[in-house]
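Close look at the chain arrangement
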Amino acid sequence: MAAFNDNPVPADGQAITLESGRFKVPDRPIIPFIEGDGTGPDIWAASRRVFDAAVHCAYGGKRQAVWYEVFAGEKAYQKFQQWLPEDTIAAVRQFRVAIKGPLTTPVGGGIRSLNVALRQRLDLYACVRPVRYYAGVPSPVKHPEHMNLIIYRENTEDVYAGIEFREGTPEAEKLIRYLNGEFGKNIRADSGVGIKPISRFASQRLVRKAIEYARGHGRTVVTLVHKGNIQKFTEGAFRDWGYQLAKEEFGALCISEEDLAKPPYNGKLPAGKILINDRIADSMFQQVLTRAQEYQVVCTPNLNGDYLSDACAAQVGGLGLAPGANLSDEYAFFEATHGTAPKYAGKDVINPGSVMLSGVMMFEALGWDEAARLIENGLAATISQKRVTYDLERLMPGATKLKTSEFANAIIENLQA
Ligand code: NAP
């Protein structure tokens, strides 16, 4: 197509394509972006300058991201009276890899959440959140540097499936009657009810992606986090299906904790193998505080993943530096994990680190690792120089407070140095 939402496709770039399940990336890939609402424009302007500087520094003029604006959220509503235009979905389908700032959740707009809608429409089934510490960032724990893990959160089902009925509605009453009558349950008549579907299909494709990531990135532990002690046939099944998939599809590569303890391993993981273990969710929240260094790749259903990724991000310095990606087997959408922080909109003060680090993930997915490392190292160097935005400055004695745009300038200086 020549245009999406009346915005002409840039003539000087090409689409990323998919070949044998892998992205084939031209030197000038067209990358759709959604600027985002609230502080989104400030964050995007700063991030885009850093991305372009890093790509230029890494590859001279040989490679360049060709940015292409697509619309969702308030900007889309103002322009097209739609929160999520069909053309935006179509553009992401066409160009395969996209990036976005935070989006307002419309109130009474007929859409529960734009982020959830995007994930469902594109079947972005894996929400991926790396959590690592950058030296100098203020943290509430003694050893934030012990945490370096990547969370694979299931994105399409669990209590996010939207099957929920308000107390007193005919639907809720009917369901309660059915469950009480047919299954001998004892649900109070004045209950709201929700359904938590967890399927073998969705669980196993997520676990497959997490193990493939571990295998491709030299990570040696994959942990299934679940609440299977109580929710046996949903969360417990997630764990069982995970182990089953590891055994059936990855065979000798994956060793369970139980097997690892026995001969011939006697507790020692051989080189090139992956330990697959599981933890109950409540215990995992303790473990990430007390033994964070024991975890590398975490794979978990939707709601656990939601809680756990924000808790882990807080341990290493908060949401301002927490990147994210939503992946399917065909598309990759990179995103800020925080919200629009509307009170700071247009003030050029917010921390753009979340989108910048999402860009690091994006460039890694494109195979542009040199650019990714420049951005990451430039950001780390700037933080270690104590040149930071307000959110970090207020917790870092002796730090210099920078505006969003100045923070981007400092990163560019550092990555070029
Ligand atoms: P929020 O926008 O994440 O902001 C809450 C607070 O977190 C901010 O006031 C600020 O704290 C801090 N914060 C967030 N982003 C920051 C950053 N980049 N740098 C520094 N500090 C940052 O949460 P909210 O106010 O609950 O949500 C606002 C809107 O965003 C809602 O419409 C919500 O639905 C939406 N939302 C979107 C996404 C998404 O698009 N992925 C995610 C979550 C929420 P201080 O005031 O203490 O500095």
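Residues numbered from 1 in each chain as written. Predicted model: local features only at pLDDT ≥ 70, side-chain atom pairs only at ≥ 80, totals over all residues. Heavy atoms only, no water.

**What to know about the packing of aromatic side chains**
- Considering all chains together, one arrives at 15 aromatic pairs under this definition.
- A centroid spacing of 5.8 Å and a plane angle of 85° characterise the contact between tyrosine 178 and phenylalanine 183, whose relative ring orientation is edge-to-face.
- Assessed through its relative accessible area of 46%, tyrosine 178 is described here as partly exposed.
- Ring geometry for phenylalanine 363 and tryptophan 368: centres 6.0 Å apart, planes at 10°, overall stacked. As far as the burial class goes, phenylalanine 363 and tryptophan 368 line up, both buried.
- Put simply, the rings of Phe33, Trp44, Phe51, Tyr59, Trp67, Phe363 and Trp368 touch in pairs and so form one group of aromatic residues.
- The lysine or arginine in question, arginine 132, covers the ring of tyrosine 134, its NZ or CZ lying 4.0 Å from the ring centre. (Phe/Tyr/Trp six-rings, centres within 6.5 Å; stacked < 30°, edge-to-face > 60°. Buried < 20%, exposed > 50% of the residue type's maximum accessible area, 1.4 Å probe, protein only. Lys NZ or Arg CZ within 6 Å of the ring centre and 35° of its normal.)

**Here's the deal with the domain arrangement of the protein chain**
- The domain boundaries assigned to the protein chain delineate domain 1 (1-126 + 320-417), domain 2 (140-158 + 203-315) and domain 3 (163-196).
- Here the C-alpha centre of domain 3 lies 34 Å away from the C-alpha centre of domain 2. (Domains from an automatic or database assignment.)

**Remarks on the environment of asparagine 186**
- The topology assignment puts asparagine 186 in the loop between α5 (170-183) and β11 (193-194).
- As for asparagine 186 and isoleucine 176, which are separated by ten residues in sequence, their C-alpha atoms are 8.5 Å apart. (Helix = DSSP H or I, 4+ residues; strand = E, 2+ residues; numbered from the N terminus.)

**A word on the packing of helix α9 (residues 281-290) against helix α10 (residues 302-315)**
- Contact geometry of α9 with α10 gives a least axis separation of 11 Å together with a crossing angle of 15°. Our classification of the angle between α9 and α10 gives roughly parallel. Seen from above, α9 lies across α10 with right-handed handedness. For the pair formed by α9 and α10, the contact residues are Ala281, Met284, Phe285, Val288 and Leu289 on the first element and Asn304, Tyr307, Leu308, Ala311, Cys312 and Gln315 on the second.
- Here the contact of α9 with α10 is built from residues that sort into nine nonpolar, two polar and no charged. (Axes fitted to C-alpha atoms, helices over the stretch in contact; angles between N-to-C directions. Parallel < 35°, antiparallel > 145°, perpendicular 65-115°, else oblique. Left-handed = near helix turned anticlockwise from the far one by under 90°. Contact = heavy atoms within 4.5 Å. Nonpolar A, V, L, I, M, F, W, Y, C, P; charged D, E, K, R; others polar.)

**Quick look at unusual backbone geometry**
- For the bond from proline 263 to proline 264, the omega torsion is 5°, close enough to zero to count as cis.
- In this fold, proline 264 is placed in the loop between α8 (257-261) and β14 (274-280).
- The phi dihedral of asparagine 5 is positive, around 50°, even though this residue is not glycine.

**A closer look at the site of the ligand**
- With respect to spatial proximity, 20 residues lie near the ligand, and among them Leu103, Thr105, Gly339, Ala341 and Tyr390 are the closest.
- With respect to the ligand, the side chain of histidine 338 contributes an N or O atom lying 3.2 Å from a nitrogen atom.
- The separation between an oxygen atom of the ligand and a polar main-chain atom of threonine 340 is 3.0 Å.
- Summarising the interface, the protein chains cover 67% of the accessible area of the ligand, which totals 880 Å² for the free molecule.
- Its residues assigned to classes, the shell around the ligand comprises eight nonpolar, eight polar and four charged. (Near = heavy atom within 4 Å. Polar contact = N/O pair within 3.5 Å; in protein donor to acceptor, adjacent residues only side chain to side chain. Areas by Shrake-Rupley, 256 points an atom, 1.4 Å probe, with all protein chains shown as cover.)

**Here's the deal with helix α11 (residues 353-366)**
- For α11, which comprises 14 residues, the first-to-last C-alpha distance of 20 Å matches the rise-based estimate of 20 Å (1.5 Å per residue) to within 8%.
- Where burial is concerned, most of α11 is hidden: twelve out of the 14 residues are buried.
- Taken together, the buried positions of α11 are occupied by Gly353, Ser354, Val355, Met356, Leu357, Ser358, Gly359, Val360, Met361, Met362, Phe363 and Leu366. (Expected span 1.5 Å × (residues − 1).)

**Some thoughts on the pairing of strand β5 (residues 30-34)**
- Counting buried positions along β5 yields five of five residues, so the element is predominantly enclosed.
- Both faces of β5 are covered, namely the face carrying Ile30, Pro32 and Ile34 and the face carrying Ile31 and Phe33.
- Sheet topology places β5 next to strand β6 (residues 66-69); four bridges connect them, and they run parallel. Residue isoleucine 31 lies in a different strand from β6, and its bridge partner there is tryptophan 67.
- Of the strand pairs in this sheet, β5 and strand β7 (residues 97-100) are connected by two bridges, and their pairing is parallel. (Pairing = 2+ DSSP bridges.)

**Some points on the sheet that holds strand β13 (residues 254-256)**
- The eleven strands are arranged β6-β5-β7-β17-β16-β8-β9-β15-β12-β14-β13 in an open sheet whose pairing can be described as mixed. Because the sheet does not close on itself, it has two edges, and the strands there are β6 and β13. Across the sheet, the mean angle separating the axes of adjacent strands is 25° when strand polarity is ignored.
- As paired strands, β13 and β14 are joined by three bridges and run parallel to one another. By the bridge assignment, serine 256 is partnered in β14 with isoleucine 276.
- Along the sheet, helix α4 (residues 114-121) contacts β7, β9 (148-154), β16 (323-327) and β17 (332-336); its crossing angle with β17, the most-contacted strand, is approximately 170°.
- Packing of α10 onto the sheet brings it into contact with β8 (126-132), β9, β12 (221-226) and β15 (297-300), and relative to β9 it is tilted by some 155°.

**Focus on the pattern of salt bridges**
- This model, assessed by the stated rule, comprises 24 salt bridges.
- The partner of glutamate 335 in a salt bridge is arginine 119, with the nearest N and O atoms 3.1 Å apart. A residue pair is termed long-range when its members are at least 10 positions apart, and glutamate 335 in strand β17 and arginine 119 in helix α4 qualify at 216 residues. Each member of the pair, glutamate 335 together with arginine 119, is buried.
- Residue glutamate 376 is joined to arginine 132 by a salt bridge in which the shortest nitrogen-to-oxygen separation is 3.2 Å. You can see glutamate 376 sitting in helix α12 (residues 369-384) and its partner arginine 132 sitting in strand β8, a full 244 residues away along the chain.
- The exposure class assigned to glutamate 376 is buried, which follows from its relative accessible area of 12%.
- For arginine 132, a relative accessible area of 33% corresponds to the partly exposed category.
- Taken together, the shared-partner salt bridges connect Arg132, Glu364, Arg373 and Glu376 into one network. (Salt bridge = Lys/Arg side-chain N within 4 Å of Asp/Glu carboxyl O.)

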